[in-house]
Amino acid sequence: MKQSWIHNAKTDGWLILSPPFLILLIIFVFQQQIQSLERGYSFYTWLFLIVFVDVAHVYSTLFKTYFIKTEIRKRPLLYYGIPALSWILGLVLYQFGSLSFWSVLALIAVFHFVRQQYGFMRIYARFEPNGLSKRIDEIAIYAATIYPMLYWFKTPRAFTWFVENEFNWFKNIPDYTQVITIIYFIILSAWIFKTAFEIFRTKQINIPKIAIITGTFLSWYFGIVYFNNDFVFTFLNVISHGIPYVALIYIREIKQKENQQLNRLSVFKSTFGIFLFIAVILGFAFFEEFLWEVLIWREHFSFDFKLSETWFQFLVPLLVVPQLTHYLLDGFIWRNSKN
């Protein structure tokens, strides 16, 4: 069968499909070293995982949106309205308290992460006919992502999405973990059986689709349910989400476009341009996190001055605008790509 690669087998394999498998292999082989790395090199793990991958992938969206004049002219209300809405929403939420603010943002982030995996699955299944098989794939990708989060909501974990106690509003709900665990493994078994039966019957295999669903099951289950470790969760979560997204942006918005479509952005298409592309998103990411550190967190960088917490109700919603804009815009800019 025709494989539904986004670019080609090599590029997709290394940058989009392999991260969860490679990271899990590293985690299982180097568990002791990872524990010492977490204890002794927290600054570097924060810098490379949070800043240079997680935050950087947010700014890669610029190459699909704000760096393209024709795109902005086509939907100005969307591109100017979403950042304004993000700040207003942040201002309103912060009035209910810092915890409420971060809790709502965490749920929006979770939804964004879930939908990204669904989106990749849709891309890799785009040559397949609609029907029961594709519906089972959709149920499987949602089970792979939603079950670990529901498990997290009711089971104490040694990690957070943003802040401590962000999912506390689920604590008064009766314990449902046994029921959803049974449902989860029924769905997983059904998907495995369906996939094996299809391969046996048709003698064909959709390699990237099966890889993205399998990788999602593995990274979310082991990152959230099996391991209860902050570094392992961050390592799996950030790499498996951020690297594929950046790769998709570069492939779709730069690599696969003609120079006349790119105009000034054509400078990013060469070998040097790849490094320039990375440098741009890393630069934006570091600048944003530097502001967070200096003004709010003061964990890795600190200066002699300290702002009054009264300013936080304005600054925190403002600093979160790029991230929230990324989450909200993502629901619009990929719609045609997922069909």
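Throughout what follows, the structure given in this document is the object of discussion. What you see is a predicted model, and the numbers here were worked out from it, not measured in a lab.

Quick notes on the layout of surface pockets
Then comes step 1: By volume, the largest pocket amounts to about 1100 Å³.
Then comes step 2: Trp46, Ile50, Thr160, Trp161 and Phe162 are the residues nearest the centre of the largest pocket, which is lined by 35 residues in total.
Then comes step 3: Of all the elements in the fold, those that place two or more residues in the lining of the largest pocket are helix H4 (42-60), helix H7 (98-124), helix H11 (230-255), helix H13 (271-297) and helix H15 (321-333).
Then comes step 4: Taken together, the residues that form the lining of the largest pocket break down as 18 nonpolar, eight polar and nine charged.
Then comes step 5: The computed volume of the second largest pocket comes to approximately 420 Å³.

Quick notes on the packing of aromatic side chains
Then comes step 1: Inspection of every chain in the model, using the stated rule, returns 44 aromatic pairs.
Then comes step 2: Ring centres of Phe28 and Phe222 lie 5.6 Å apart, and the angle between their planes is 80°; on these two criteria the pair is classed as edge-to-face. With a gap of 194 residues between them, Phe28 in helix H2 (residues 19-29) and Phe222 in helix H10 (residues 207-226) connect regions that are remote in the sequence.
Then comes step 3: The class of Phe222 is buried, set by a relative accessible area of 17%.
Then comes step 4: Relative to Trp46, the ring of Phe43 lies with its centre 5.7 Å away and its plane at 40°, an arrangement referred to as tilted. Of this pair, Phe43 and Trp46 both sit in helix H4, separated by three residues, roughly a single helical turn.
Then comes step 5: By relative accessible area, Phe43 is classed as partly exposed at 27%.
Then comes step 6: Taking the ring centre of Trp334 as reference, the NZ or CZ of Lys64 above it sits at 4.5 Å.
Then comes step 7: The residue whose ring lies beneath Lys203 is Phe200, and the NZ or CZ to ring-centre distance is 5.0 Å.

Focus: the nonpolar core
Then comes step 1: In this structure, Ile16, Met149, Trp161, Phe167 and Phe277 are the most contacted members of the largest nonpolar core, which totals 103 residues.
Then comes step 2: Here the element with the most residues in this core is H11; it accounts for 15 residues.
Then comes step 3: If we skip the residues at most four places from it in the chain, Ile16 touches Ile6, Thr11, Phe120, Tyr124, Ile212, Pro244, Ala247 and Ile251.

Considering the pattern of salt bridges
Then comes step 1: Counting across every chain of the model gives nine salt bridges.
Then comes step 2: A salt bridge links Glu128 to Lys209, with the shortest nitrogen-to-oxygen separation between them at 3.2 Å. Placement of the pair is Glu128 in the loop between H7 and helix H8 (132-154) and Lys209 in helix H10, with a sequence separation of 81 residues.
Then comes step 3: Between Asp137 and Lys194 there is a salt bridge, with the nearest N and O atoms lying 2.7 Å from each other. Placement of Asp137 in helix H8 and of Lys194 in helix H9 (residues 177-202) is noted, with a sequence separation of 57 residues between them. Residues Asp137 and Lys194 agree in their burial class; the two are buried.

Topic: the packing of H7 against H8
Then comes step 1: Where H7 meets H8, the closest approach of the two axes is 9 Å, and the angle between their N-to-C directions is 155°. Relative to H8, the element H7 is oriented roughly antiparallel. Of the two possible hands of crossing, H7 and H8 adopt the one that is right-handed. Contacts between H7 and H8 involve Leu107, Val110, Val114, Arg115, Gln117, Tyr118, Met121 and Arg122 from the first element and Asp137, Glu138, Ile141, Tyr142, Thr145, Met149 and Phe153 from the second.

A look at a nonpolar patch on the surface
Then comes step 1: A cluster of nonpolar side chains, namely Leu25, Ile26, Phe28, Val29, Phe30 and Tyr226, defines an oily patch on the protein surface of about 580 Å² accessible area.
Then comes step 2: Ranked by residues supplied to the nonpolar patch, first place goes to H2 with four residues.
Then comes step 3: As for its position among the elements, Tyr226 is in helix H10.

A word on empty space enclosed by the protein
Then comes step 1: Here the structure, examined in full by the defined rule, presents four cavities of 30 Å³ or more.
Then comes step 2: Approximately 110 Å³ is the volume found for the largest cavity.
Then comes step 3: Residue assignment for the lining of the largest cavity shows that the elements contributing at least two residues are H7, H10 and H11.
Then comes step 4: The dominant element in the lining of the largest cavity, judged by the number of residues it contributes, is H11, at five residues.
Then comes step 5: Looking at the lining of the largest cavity residue by residue, the classes come out as five nonpolar, six polar and no charged.
Then comes step 6: Surrounding the second largest cavity, Ile16, Leu17, Pro20, Gln117, Phe120, Ala211, Ile212, Gly215, Thr216, Ser219, Ser240 and Pro244 form its lining.
Then comes step 7: The set of elements that each furnish at least two residues to the lining of the second largest cavity consists of helix H1 (9-17), H7, H10 and H11.
Then comes step 8: A per-element tally of the lining of the second largest cavity places H10 first, with five residues.
Then comes step 9: Class assignment for the residues of the lining of the second largest cavity results in seven nonpolar, five polar and no charged.

Thresholds applied
- Residues numbered from 1 in each chain as written.
- Predicted model: local features only at pLDDT ≥ 70, side-chain atom pairs only at ≥ 80, totals over all residues.
- Heavy atoms only, no water.
- 1 Å grid on protein atoms, 1.4 Å probe; cavity = no way out; pocket = protein on both sides within 12 Å on 5 of 7 lines; lining within 4 Å.
- Points joined across faces, edges and corners; volume = space filled by probe spheres on them.
- Helix = DSSP H or I, 4+ residues; strand = E, 2+ residues; numbered from the N terminus.
- Nonpolar A, V, L, I, M, F, W, Y, C, P; charged D, E, K, R; others polar.
- Phe/Tyr/Trp six-rings, centres within 6.5 Å; stacked < 30°, edge-to-face > 60°.
- Buried < 20%, exposed > 50% of the residue type's maximum accessible area, 1.4 Å probe, protein only.
- Lys NZ or Arg CZ within 6 Å of the ring centre and 35° of its normal.
- Core = buried A, V, L, I, M, F, W, Y, C linked by side-chain atoms within 4.5 Å.
- Contact = heavy atoms within 4.5 Å.
- Salt bridge = Lys/Arg side-chain N within 4 Å of Asp/Glu carboxyl O.
- Axes fitted to C-alpha atoms, helices over the stretch in contact; angles between N-to-C directions.
- Parallel < 35°, antiparallel > 145°, perpendicular 65-115°, else oblique.
- Left-handed = near helix turned anticlockwise from the far one by under 90°.
- Patch = residues over 30% accessible without salt bridge, like charges linked within 9 Å, V, L, I, M, F, W, Y side chains within 5 Å.
- Areas by Shrake-Rupley, 256 points an atom, 1.4 Å probe, with all protein chains shown as cover.

Spatial relationships are all this shows, so hold off on functional conclusions.
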